[in-house]
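Coordinate inspection notes
Residues per chain are reported as follows:
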Amino acid sequence: MSKVFIVAQQGNAHTDTISEGMKLANVLKKQAEVFAYCYEYFSGPEYYNPRLAAVAQQALMKRREEEVREQLKHIDASEIPLHLVWSKALYEHVCHHSARHGFDMIIKGIDNKDHYLPIDWHLIRHTQVPLMLLCDNPLNKANTILMAVDLDASNPQKQSLNDLVVEQAKMLANATGAELHLAHVIRVPPILRDMDVINIHEVTESAHQKHADKLKALGLAPENIHLIAGDPELCLFELSCRLKSRYLVIGARQRQGLLGYVLGNTAEAILSRMRSNVLVVPTNSMSKSQL
């Protein structure tokens, strides 16, 4: 059976990741497994004495286990497999374990989208499995899913990523019964738009004609196809708010190295604004999972 990797929330998190993750796993007809992470820096006697450090670690792990088991009991999910992990680099274990053990999706809560933790960015950049980031304040009043694709992509890697985004979005829509929408943003520098150097209507009409065959093959109603000219970050944010999207499905190219950190990623830029749950589909997620 397909599996979902749920990262248990910690502390005073606003997002009940376990509860929301279990609901999503049930809808997707996937087996859920919960992973509770724990780690502390020791000082004083524990720092200098390995025996004391081991005792302190066991005590922290036990307290964490009791906390998470109580959460599972509260939602009648005591039978769900629970894994306690002592790890300084949470993202490394999540990425490695989820890929190695055949998980189809990782679910993690975002407690404050205005202050993303380094772990979230590391997960986006390194995950090999589709990553669902649950928004702490979703504007999901409508049961809609918005998938963002780059219809102008000529690079084979970008085209493959488009296919993966469409695949994941359709599976999510079929499982949840949500209405699926497509967004393609035609990049137009703000200065050209503000100076009326180009006709935005003509640009979008030209894009509709250029990609008519691709759009027809998707089988979406015309009113569910949104070709917009402007800045991707702002356009996708405004469109998702207008549609009150429950989910935004977007691909991440996962640039590596120093250049990647300097250039960033459209997916990363968009996340800081979103009021929807975001499913990040990584470039190297090439397996075809089925619901």
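Here goes a summary of the coordinates provided. On a predicted model such as this, the values are computed, not experimentally measured, just so you know. (Residues numbered from 1 in each chain as written. Predicted model: local features only at pLDDT ≥ 70, side-chain atom pairs only at ≥ 80, totals over all residues. Heavy atoms only, no water.)

On to the environment of S19. Structurally, the position occupied by S19 is in helix α1 (residues 17-27). Given a relative accessible area of 13%, S19 falls into the buried group. For the pair S19 and Q71, spaced 52 residues apart in sequence, the C-alpha separation works out to 8.3 Å. (Helix = DSSP H or I, 4+ residues; strand = E, 2+ residues; numbered from the N terminus. Buried < 20%, exposed > 50% of the residue type's maximum accessible area, 1.4 Å probe, protein only.)

All right, on to the pairing of strand β2 (residues 31-38) then. Most of β2 sits out of view: seven of its eight residues are buried. Bridging between strand β1 (residues 3-7) and β2 involves five bridges; their strand directions are parallel. Note on β2: the bridge partner recorded for V7 is F35. Relative to strand β3 (residues 82-86), β2 runs parallel, the two sharing five bridges. (Pairing = 2+ DSSP bridges.)

Glancing now at unusual backbone geometry. Glycine aside, the phi torsion of most residues is negative, and most peptide linkages are trans. A positive phi angle, close to 55 degrees, is found at D76, a residue other than glycine. In this fold, D76 is placed in the loop between α3 (50-74) and β3. Overall, the relative accessible area of 68% leaves D76 in the exposed class. Positioned with a positive phi, K244 is a non-glycine residue whose angle comes to about 50 degrees. Looking at where K244 falls in the secondary structure, it is placed in the loop between α10 (232-243) and β9 (247-252).

Further remarks concern the pattern of salt bridges. Tallying each qualifying case throughout the model produces six salt bridges. Note that D104 is salt-bridged to K30, the shortest N-O span being 3.5 Å. In this pair, D104 is assigned in strand β4 (residues 103-109) and K30 in the loop between α1 and β2, connecting sequence segments 74 residues apart. In this structure, the salt-bridge partner of D152 is K210, at a minimum N-O distance of 3.2 Å. Residue D152 is found in the loop between β6 (144-148) and α6 (156-176), and its partner K210 is found in helix α8 (residues 200-210); the two are separated by 58 residues along the sequence. (Salt bridge = Lys/Arg side-chain N within 4 Å of Asp/Glu carboxyl O.)

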